[in-house]
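# Structure assessment
Listed below, chain by chain, are the residues.
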Amino acid sequence: MLEWTGVVCVLVSVATIWSVLKYLGAENRSPPLCRELEVPRRKSKRCASDRGTGTERPPEGPPEGPAESPTVAMICKPSALANYLLRHCPSFYKSESTPAWDWRASPCAQTVVGAFWPHDSAVHFVRDHLQLSDDGLIALDWAAVGAAQHKRRTSSNSTSPILLIIPNSFGKITRNVRKLCEAALGHGYLPVVFNRRSQNGTPLCTLKLQEFGDPADLREAVRYIRYRQPAGRLYAVSESTGSGLLLSYLGECGSSSYVTAAACLSPVFRCQSWFESGPTWLFHRALLLYQKFCLSRYKTVLTELVHTDSLFSSPSLRSMEEVLFCQAGPKGPPAEGAWEAYWERNDPLRDVDEVAIPVLCICSRDDPVRGDPRATLPLELFEGNPHFFLLLSSHGGHCGFATPDEGPVLWSHRALLEFFRATSDFFAAEERAKQTAWRRGLGGGGKAFRHRSVSTCKKLPVCSHNIHAIYNWQRSYTR
């Protein structure tokens, strides 16, 4: 515990020094990366084009100075939904700039504060343990406010939307996750945090840990949430490396994911190379030490599965992942080619073409954990896939995105909540237009409907989770 405290102190010190260097002008000039990312941003300007909308033009973003990169850039494939988002999501083109002397201008400070700084809030969690089909356990933490008891019910008729939050793959419930729960409750959501096996105090009942991108446990959790809250729409948010699990789930399930829309905060896309190269040294050591600390409570049980001496002496995140999941047999050495095979079945982007819902990814150019945006951001995904939208901010660190006048809600949290509201409104308008066209065809169809029975004209009940009935994807994304 003392070692972990020492690492946190070192990170805070480095973040402070970084802020001082920025104040002294160490980063006054715009880096070459910002100029390189101007090309995709110019492409994404087509998303804001006024395609026959008359007076309802999309609002203009903040003016760009000659030597300063844009505060927020939206990168996406042009579509009707993209234009709608730009018109109805102010956070997509408005983000307050941070003075150079402010601590928020430091990406390291943003990352450290967002991950480790305590947050005083009235939000508390009520835990449900869910037993899986293989007798394993995961935990679902339902967020609540005040002293009112959160009744455990097997089912509810509440129509409040559910916000499923997937923390990072190391199980750390950060300050930003708690702030997101607080903001979601204020907007009428029912937030629930997904905890993997053995993480965040969840008992380890089987000799099995969840692989990085294995969505089997998450799939059972979604089924349970739908059983408990069948009338509420389901939205999903992931943080950091937890985005690998969410993207894997959305890709494997496709249009059967039962998720209305999703968002990823500071996602790590190229996970294999990230594990191989790792983040900057201090963050790498902090993550490695935290994972060893979490697994140490199961050291006796893990002895039956792996060489615990090799596990707890691992010098890197990659070597620890190999010891846990890439062995030839119980307590055996890593098998030849097992590392590549592991990522073939765990790469978050392996089934990305099957994702069938809108996904918003919020990233910053100065992310010290994800790494260089030129090598870590798959811009071609956002420019070619109409389901993915990228908000790229100039500053924010890793899962930080704090601004001087943020108030109780972070800019990234405002953006994703606006995104969820706007996508729901967009598809509701699409459905109304579809029903209106259907009624007009029914009323004036004449011979087309003359010989049809009355029963065929009845409006059939539509499940709120029926993706194909609610979302006319072909029409919405190709006009």
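Residues numbered from 1 in each chain as written. Predicted model: local features only at pLDDT ≥ 70, side-chain atom pairs only at ≥ 80, totals over all residues. Heavy atoms only, no water.

Going by what an unreviewed UniProt entry lists, the chain is known as Protein ABHD15 and is assigned to Electrophorus voltai. UniProt annotates the chain under Sequence similarities (unreviewed entry) with the comment "Belongs to the AB hydrolase superfamily. AB hydrolase 4 family." The UniProt entry for the chain carries the following text under Function (unreviewed entry): "May regulate adipocyte lipolysis and liver lipid accumulation." (UniProt positions renumbered as here; feature names shortened; annotations may be inferred.)

## A closer look at the packing of helix H10 (residues 281–295) against helix H13 (residues 317–325)
Angle between the axes and distance between the axes are the two parameters that describe a pair of packed helices. Running from amino to carboxyl end, H10 crosses H13 at an angle of 30°, the nearest separation of the two axes being 10 Å. Judged by the inter-axis angle, H10 sits roughly parallel to H13. Contacts between H10 and H13 involve His284, Leu287, Leu288, Gln291, Lys292 and Leu295 on the former and, on the latter, Leu317, Met320, Glu321 and Leu324. Per-class residue counts for the contact of H10 with H13 are six nonpolar, two polar and two charged. (Axes fitted to C-alpha atoms, helices over the stretch in contact; angles between N-to-C directions. Helix = DSSP H or I, 4+ residues; strand = E, 2+ residues; numbered from the N terminus. Parallel < 35°, antiparallel > 145°, perpendicular 65-115°, else oblique. Contact = heavy atoms within 4.5 Å. Nonpolar A, V, L, I, M, F, W, Y, C, P; charged D, E, K, R; others polar.)

## A closer look at the environment of Leu140
Relative to the assigned elements, Leu140 resides in strand S3 (residues 137–145). Spatially, the C-alpha atoms of Leu140 and Phe125 are 9.2 Å apart, while their sequence positions differ by 15 residues. Contact partners of Leu140, with chain neighbours within four places excluded, come to Val126, Arg127, Asp128, Val192, Val193, Phe194, Asn195, Ala221, Tyr224 and Ile225.

## Notes on the pattern of salt bridges
All told, the structure shown has 14 salt bridges when counted by the stated rule. Put simply, Arg197 and Asp134 hold a salt bridge, and the shortest N to O gap is 2.9 Å. Remark: Asp134 occurs in the loop between strand S2 (123–131) and S3 and Arg197 occurs in the loop between strand S5 (190–195) and helix H7 (216–228); sequence separation between them is 63 residues. By relative accessible area, Arg197 is classed as buried at 4%. (Salt bridge = Lys/Arg side-chain N within 4 Å of Asp/Glu carboxyl O. Buried < 20%, exposed > 50% of the residue type's maximum accessible area, 1.4 Å probe, protein only.)

## Focus: helix H5 (residues 107–116)
With respect to burial, H5 is a largely interior element, nine of its ten residues being buried. Within H5, burial applies to Pro107, Cys108, Ala109, Gln110, Thr111, Val112, Val113, Gly114 and Ala115.

## Details of the sheet that holds strand S6 (residues 234–239)
Pairing is mixed in the open sheet, where nine strands are placed in the order S1-S9-S8-S7-S6-S4-S5-S3-S2. Looking along the sheet, the strands with just one partner apiece sit at the ends: strand S1 (72–75) and S2. Averaged over all pairs of adjacent strands, the angle between strand axes in this sheet comes to 20°, irrespective of strand direction. Inspection of the sheet shows S2 paired to S3 by nine bridges, in the antiparallel sense. Bridging across to S3, Leu130 finds its partner in Ile138. Sitting on the sheet, helix H8 (residues 243–253) is in contact with strand S4 (162–166), S5, S6, strand S7 (261–265), strand S8 (359–364) and strand S9 (388–393), with an inclination near 155° to S7. (Pairing = 2+ DSSP bridges.)

## Things to note about the pairing of S4
With respect to burial, S4 is a largely interior element, five of its five residues being buried. Because side chains alternate across S4, one face comprises the buried residues Ile162, Leu164 and Ile166, and the other comprises Leu163 and Ile165, equally buried. Sheet analysis places S4 next to S5, joined by four bridges and oriented parallel. Its bridge partner lying in S5, Ile162 is registered against Leu190. Crossover connection from S4 via helix H6 (residues 175–186) to parallel S5: handedness right-handed. Where S4 and S6 come together, five bridges link them in parallel fashion. Residue pairing in the sheet places Ile162 in a bridge with Leu234 of S6. (Right-handed = clockwise from strand over helix to strand, strands pointing away.)

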